[in-house]
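Structure assessment
In case you want the letters, here they are:
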Amino acid sequence: DVKVTQSSRYLVKRTGEKVFLECVQDMDHENMFWYRQDPGLGLRLIYFSYDVKMKEKGDIPEGYSVSREKKERFSLILESASTNQTSMYLCASSPVGGPEAFFGQGTRLTVV
Amino acid sequence: ILNVEQSPQSLHVQEGDSTNFTCSFPSSNFYALHWYRWETAKSPEALFVMTLNGDEKKKGRISATLNTKEGYSYLYIKGSQPEDSATYLCASMNYGGATNKLIFGTGTLLAVQP
(Lines give C-alpha, C1' and ligand atoms only; values in the text may rest on other atoms or scores of the structure.)
Protein backbone atom coordinates (compact mmCIF):
# COMPACT_ATOMS: atom_id res chain seq x y z
CA ASP A 1 0.00 0.00 0.00
CA VAL A 2 1.50 3.30 -1.09
CA LYS A 3 2.15 5.83 1.61
CA VAL A 4 2.81 9.55 1.79
CA THR A 5 3.01 10.72 5.37
CA GLN A 6 2.99 14.27 6.64
CA SER A 7 4.41 14.82 10.09
CA SER A 8 1.47 16.73 11.59
CA ARG A 9 -2.27 16.95 10.94
CA TYR A 10 -2.70 20.23 12.82
CA LEU A 11 -0.16 22.86 13.73
CA VAL A 12 -0.45 26.24 15.44
CA LYS A 13 2.51 28.60 15.23
CA ARG A 14 3.20 32.21 16.11
CA THR A 15 3.95 34.97 13.62
CA GLY A 16 7.68 35.15 12.94
CA GLU A 17 8.43 31.55 13.91
CA LYS A 18 10.39 29.27 11.57
CA VAL A 19 8.14 26.35 10.67
CA PHE A 20 9.07 22.96 9.21
CA LEU A 21 6.52 20.74 7.49
CA GLU A 22 7.83 17.26 6.81
CA CYS A 23 6.73 14.77 4.18
CA VAL A 24 7.95 11.21 3.76
CA GLN A 25 7.07 8.74 0.99
CA ASP A 26 7.87 5.05 0.86
CA MET A 27 7.41 4.44 -2.87
CA ASP A 28 10.91 5.43 -4.06
CA HIS A 29 9.36 8.22 -6.15
CA GLU A 30 11.63 10.78 -7.76
CA ASN A 31 9.10 13.62 -7.79
CA MET A 32 7.73 15.31 -4.71
CA PHE A 33 5.44 18.33 -4.47
CA TRP A 34 4.15 20.81 -1.91
CA TYR A 35 0.75 22.45 -2.42
CA ARG A 36 -1.40 24.72 -0.35
CA GLN A 37 -5.16 24.72 -0.50
CA ASP A 38 -7.28 27.77 0.20
CA PRO A 39 -11.04 28.21 -0.24
CA GLY A 40 -11.91 29.22 -3.78
CA LEU A 41 -8.31 28.90 -4.96
CA GLY A 42 -7.88 25.16 -5.22
CA LEU A 43 -4.49 23.50 -4.83
CA ARG A 44 -1.60 25.81 -5.68
CA LEU A 45 1.91 24.51 -6.24
CA ILE A 46 4.53 26.00 -3.92
CA TYR A 47 7.66 24.00 -4.76
CA PHE A 48 8.53 20.67 -6.27
CA SER A 49 11.58 18.46 -6.42
CA TYR A 50 12.51 15.93 -9.11
CA ASP A 51 15.58 14.47 -7.44
CA VAL A 52 17.62 14.66 -4.26
CA LYS A 53 18.90 18.21 -3.73
CA MET A 54 17.02 19.39 -6.83
CA LYS A 55 14.12 21.79 -6.52
CA GLU A 56 12.05 24.13 -8.62
CA LYS A 57 9.69 26.93 -7.73
CA GLY A 58 6.02 26.43 -8.29
CA ASP A 59 3.46 29.17 -8.71
CA ILE A 60 3.60 30.68 -5.20
CA PRO A 61 7.09 30.15 -3.71
CA GLU A 62 7.36 33.49 -1.90
CA GLY A 63 7.90 33.07 1.83
CA TYR A 64 8.77 29.38 1.50
CA SER A 65 11.84 27.26 0.95
CA VAL A 66 12.32 23.50 0.65
CA SER A 67 14.88 20.86 1.40
CA ARG A 68 15.37 17.42 -0.14
CA GLU A 69 18.45 15.77 1.35
CA LYS A 70 17.10 12.25 0.97
CA LYS A 71 14.91 10.79 -1.75
CA GLU A 72 12.08 9.85 0.59
CA ARG A 73 11.83 13.16 2.47
CA PHE A 74 10.74 16.59 1.26
CA SER A 75 10.52 19.42 3.76
CA LEU A 76 8.69 22.71 3.39
CA ILE A 77 10.11 25.59 5.42
CA LEU A 78 8.36 28.79 6.33
CA GLU A 79 11.28 31.07 7.14
CA SER A 80 9.20 33.55 9.15
CA ALA A 81 5.59 32.48 9.45
CA SER A 82 2.93 35.07 8.70
CA THR A 83 -0.83 34.98 9.17
CA ASN A 84 -1.41 34.81 5.39
CA GLN A 85 0.34 31.43 5.43
CA THR A 86 -2.52 29.96 7.45
CA SER A 87 -3.70 27.21 5.13
CA MET A 88 -4.00 23.49 4.43
CA TYR A 89 -0.69 22.12 3.11
CA LEU A 90 -0.58 18.96 1.03
CA CYS A 91 2.44 16.93 0.00
CA ALA A 92 2.40 14.59 -3.00
CA SER A 93 4.80 12.27 -4.76
CA SER A 94 4.94 10.64 -8.17
CA PRO A 95 7.34 8.48 -10.16
CA VAL A 96 9.42 10.18 -12.84
CA GLY A 97 7.14 11.07 -15.74
CA GLY A 98 4.04 10.42 -13.64
CA PRO A 99 1.30 10.15 -14.40
CA GLU A 100 -0.30 9.29 -11.08
CA ALA A 101 0.45 11.28 -7.92
CA PHE A 102 -0.19 10.18 -4.34
CA PHE A 103 -1.08 12.56 -1.56
CA GLY A 104 -0.45 12.83 2.14
CA GLN A 105 -3.27 13.54 4.55
CA GLY A 106 -2.56 17.26 4.77
CA THR A 107 -1.36 19.60 7.50
CA ARG A 108 -3.66 22.38 8.61
CA LEU A 109 -1.38 25.20 9.73
CA THR A 110 -2.69 28.15 11.69
CA VAL A 111 -0.39 31.13 12.22
CA VAL A 112 -1.49 33.42 15.04
CA ILE B 1 1.19 29.79 -15.21
CA LEU B 2 -1.00 27.09 -16.77
CA ASN B 3 -4.68 27.53 -16.04
CA VAL B 4 -6.95 24.66 -15.21
CA GLU B 5 -10.54 25.69 -14.71
CA GLN B 6 -13.41 23.76 -13.24
CA SER B 7 -17.12 24.42 -13.23
CA PRO B 8 -19.36 24.68 -11.42
CA GLN B 9 -17.61 25.79 -8.22
CA SER B 10 -20.24 24.02 -6.12
CA LEU B 11 -23.26 21.87 -6.69
CA HIS B 12 -26.13 20.76 -4.47
CA VAL B 13 -28.16 17.81 -5.74
CA GLN B 14 -30.73 15.38 -4.37
CA GLU B 15 -29.97 11.72 -3.81
CA GLY B 16 -30.58 9.85 -7.06
CA ASP B 17 -29.82 12.81 -9.34
CA SER B 18 -27.17 12.42 -12.00
CA THR B 19 -24.66 15.20 -12.36
CA ASN B 20 -21.58 16.24 -14.28
CA PHE B 21 -18.66 18.62 -13.89
CA THR B 22 -16.36 20.23 -16.41
CA CYS B 23 -12.60 20.68 -16.41
CA SER B 24 -10.78 22.75 -19.04
CA PHE B 25 -7.02 22.63 -19.36
CA PRO B 26 -4.20 23.78 -21.66
CA SER B 27 -3.99 21.45 -24.63
CA SER B 28 -0.40 22.38 -25.54
CA ASN B 29 2.26 19.94 -24.28
CA PHE B 30 -0.48 17.85 -22.72
CA TYR B 31 0.58 14.67 -20.93
CA ALA B 32 -2.20 13.53 -18.61
CA LEU B 33 -5.44 14.62 -16.99
CA HIS B 34 -6.24 13.54 -13.44
CA TRP B 35 -9.49 13.48 -11.50
CA TYR B 36 -9.31 13.31 -7.72
CA ARG B 37 -11.97 13.01 -5.10
CA TRP B 38 -11.24 14.78 -1.80
CA GLU B 39 -13.34 14.10 1.24
CA THR B 40 -13.00 16.24 4.33
CA ALA B 41 -10.20 15.07 6.67
CA LYS B 42 -8.85 12.60 4.11
CA SER B 43 -6.16 12.61 1.42
CA PRO B 44 -7.20 13.32 -2.16
CA GLU B 45 -7.90 9.99 -3.80
CA ALA B 46 -7.14 9.41 -7.46
CA LEU B 47 -10.25 8.50 -9.48
CA PHE B 48 -8.93 8.52 -13.02
CA VAL B 49 -5.78 9.28 -14.96
CA MET B 50 -6.34 9.75 -18.68
CA THR B 51 -3.77 10.40 -21.37
CA LEU B 52 -5.31 9.72 -24.79
CA ASN B 53 -7.77 11.85 -26.71
CA GLY B 54 -11.16 10.17 -26.57
CA ASP B 55 -10.34 8.22 -23.41
CA GLU B 56 -13.35 7.18 -21.38
CA LYS B 57 -12.98 5.65 -17.93
CA LYS B 58 -15.52 4.27 -15.52
CA LYS B 59 -15.50 3.28 -11.86
CA GLY B 60 -18.90 2.19 -10.59
CA ARG B 61 -21.31 5.08 -11.00
CA ILE B 62 -18.57 7.56 -11.88
CA SER B 63 -17.16 8.02 -15.36
CA ALA B 64 -14.97 10.52 -17.17
CA THR B 65 -14.18 11.53 -20.73
CA LEU B 66 -11.24 13.35 -22.23
CA ASN B 67 -10.83 15.65 -25.24
CA THR B 68 -7.20 16.68 -25.55
CA LYS B 69 -7.62 18.59 -28.80
CA GLU B 70 -10.02 21.11 -27.33
CA GLY B 71 -8.73 20.80 -23.78
CA TYR B 72 -11.67 19.59 -21.70
CA SER B 73 -12.78 16.67 -19.58
CA TYR B 74 -16.15 15.76 -18.11
CA LEU B 75 -16.80 13.82 -14.91
CA TYR B 76 -20.21 12.18 -14.60
CA ILE B 77 -21.87 10.74 -11.51
CA LYS B 78 -24.93 8.62 -12.11
CA GLY B 79 -27.53 8.35 -9.34
CA SER B 80 -25.69 10.49 -6.76
CA GLN B 81 -25.53 9.17 -3.20
CA PRO B 82 -24.78 11.13 0.01
CA GLU B 83 -21.40 9.36 0.22
CA ASP B 84 -20.46 11.00 -3.10
CA SER B 85 -20.34 14.36 -1.28
CA ALA B 86 -16.78 15.63 -1.66
CA THR B 87 -14.63 18.07 -3.59
CA TYR B 88 -13.76 16.81 -7.06
CA LEU B 89 -10.45 18.10 -8.33
CA CYS B 90 -9.06 17.90 -11.80
CA ALA B 91 -5.40 18.39 -12.56
CA SER B 92 -3.46 18.69 -15.78
CA MET B 93 0.02 17.32 -16.21
CA ASN B 94 1.86 18.99 -19.08
CA TYR B 95 5.36 18.46 -20.38
CA GLY B 96 7.81 21.09 -19.33
CA GLY B 97 10.98 21.69 -17.38
CA ALA B 98 12.78 19.00 -15.47
CA THR B 99 9.65 17.07 -14.69
CA ASN B 100 5.94 17.11 -15.25
CA LYS B 101 3.99 19.25 -12.79
CA LEU B 102 0.41 18.66 -11.76
CA ILE B 103 -1.58 21.88 -11.97
CA PHE B 104 -4.95 21.79 -10.24
CA GLY B 105 -8.23 23.49 -10.85
CA THR B 106 -10.15 25.05 -7.98
CA GLY B 107 -12.39 22.02 -7.58
CA THR B 108 -16.13 21.38 -7.62
CA LEU B 109 -17.73 20.92 -4.21
CA LEU B 110 -20.57 18.41 -4.47
CA ALA B 111 -23.18 18.09 -1.73
CA VAL B 112 -25.74 15.29 -2.11
CA GLN B 113 -28.84 15.69 0.05
CA PRO B 114 -30.54 12.47 1.22
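For the structure, check the block above.
I will try to describe carefully the structure that is included in this document. (Residues numbered from 1 in each chain as written. Chains lettered and ligands numbered in written order. Predicted model: local features only at pLDDT ≥ 70, side-chain atom pairs only at ≥ 80, totals over all residues. Heavy atoms only, no water.)

1. Things to note about the overall build of chain A
The secondary structure content of chain A amounts to zero helices and 11 strands. If you line up chain A on its principal axes, its C-alpha atoms span 35 × 25 × 25 Å. Split into buried and exposed, the 112 residues of chain A put 49% on the buried side. In chain A, the share of contacts with a sequence separation of at least 24, taken over all contacts with a separation of at least 6, comes to 54%. Of the accessible surface of chain A, which amounts to about 5,200 Å², a share of 50% is contributed by carbon and sulfur atoms. (Helix = DSSP H or I, 4+ residues; strand = E, 2+ residues; numbered from the N terminus. Buried < 20%, exposed > 50% of the residue type's maximum accessible area, 1.4 Å probe, protein only. Contact = heavy atoms within 4.5 Å. Areas by Shrake-Rupley, 256 points an atom, 1.4 Å probe, with all protein chains shown as cover.)

2. What to know about the state of the cysteines
Residue and element names in this part refer to chain B. Counted according to the given criterion, the structure contains two disulfides over all chains. At a sulfur-sulfur separation of 1.8 Å, the disulfide partner of C23 is C90. Its S-S torsion of about 55 degrees marks the bond between C23 and C90 as right-handed, since a negative value means left-handed. Remark: C90 occurs in strand β9 (residues 86–94) and C23 occurs in strand β3 (residues 19–24); sequence separation between them is 67 residues. (Disulfide = S-S within 2.5 Å.)

3. Structural notes on the layout of surface pockets
The volume enclosed by the largest pocket comes to roughly 530 Å³. As for the largest pocket, its lining consists of 25 residues, of which Q37 and R108 of chain A together with W38, T40 and T87 of chain B are closest to the centre. Of the residues belonging to the lining of the largest pocket, the class tally is seven nonpolar, 13 polar and five charged. (1 Å grid on protein atoms, 1.4 Å probe; cavity = no way out; pocket = protein on both sides within 12 Å on 5 of 7 lines; lining within 4 Å. Points joined across faces, edges and corners; volume = space filled by probe spheres on them. Nonpolar A, V, L, I, M, F, W, Y, C, P; charged D, E, K, R; others polar.)

4. Structural notes on the sheet that holds strand β8 (residues 72–77) of chain B
Residue and element names in this part refer to chain B. Spatially, the five strands line up as an open sheet ordered β1-β3-β8-β7-β6, and their pairing is antiparallel. Here the strands that pair on one side only, and so sit at the sheet edges, are β1 (5–7) and β6 (56–59). Direction aside, neighbouring strands of the sheet carry axes that sit 15 degrees apart on average. (Pairing = 2+ DSSP bridges. Axes fitted to C-alpha atoms, helices over the stretch in contact; angles between N-to-C directions.)

5. Here's the deal with the interface of chain A and chain B
With 24 residues of chain A at the contact, the number on the chain B side is 24 residues. Both faces considered, chain A and chain B share a buried interface measuring about 1,900 Å² in area, 64% of it formed by carbon and sulfur atoms. Where chain A meets chain B, there are zero salt bridges. Per element, the largest residue contribution to the side of chain A that touches chain B is five residues, and it comes from strand β5 (residues 42–51) of chain A. Here the side of chain A that touches chain B is composed, by residue class, of 12 nonpolar, eight polar and four charged. (Buried area = accessible area lost by both parts, 1.4 Å probe. Salt bridge = Lys/Arg side-chain N within 4 Å of Asp/Glu carboxyl O.)

6. What about the nonpolar core?
By size, the foremost hydrophobic cluster in this structure holds 23 residues, and its most contacted members are F21, L33, W35, L75, Y88 and L110 of chain B. When contributions to this core are tallied by element, the ones reaching two or more residues are β2 (10–14), β3, β4 (30–38), β5 (45–50), β7 (62–67), β8, β9 and β11 (108–113) of chain B. When neighbours within four sequence positions are excluded, L110 of chain B is seen to be in contact with L11, V13, T19, F21, I77, D84, S85, A86 and Y88 of chain B. One finds L11, Y47, L76 and V111 of chain A within the second-largest nonpolar core, a separate group that totals 21 residues. (Core = buried A, V, L, I, M, F, W, Y, C linked by side-chain atoms within 4.5 Å.)

7. Looking at unusual backbone geometry
The peptide bond linking S7 of chain B to P8 of chain B adopts the cis configuration, its omega dihedral lying at -5 degrees. Turning to its location among the elements, P8 of chain B is positioned in the loop between β1 and β2. Even without glycine at this site, D28 of chain A takes up a positive phi of about 60 degrees. Counting through the fold element by element, D28 of chain A comes out in the loop between β3 (19–25) and β4 (31–38). A positive phi is found at N29 of chain B, a non-glycine position, where the angle reads about 55 degrees. Tracing the backbone through its elements, the reader meets N29 of chain B in the loop between β3 and β4.

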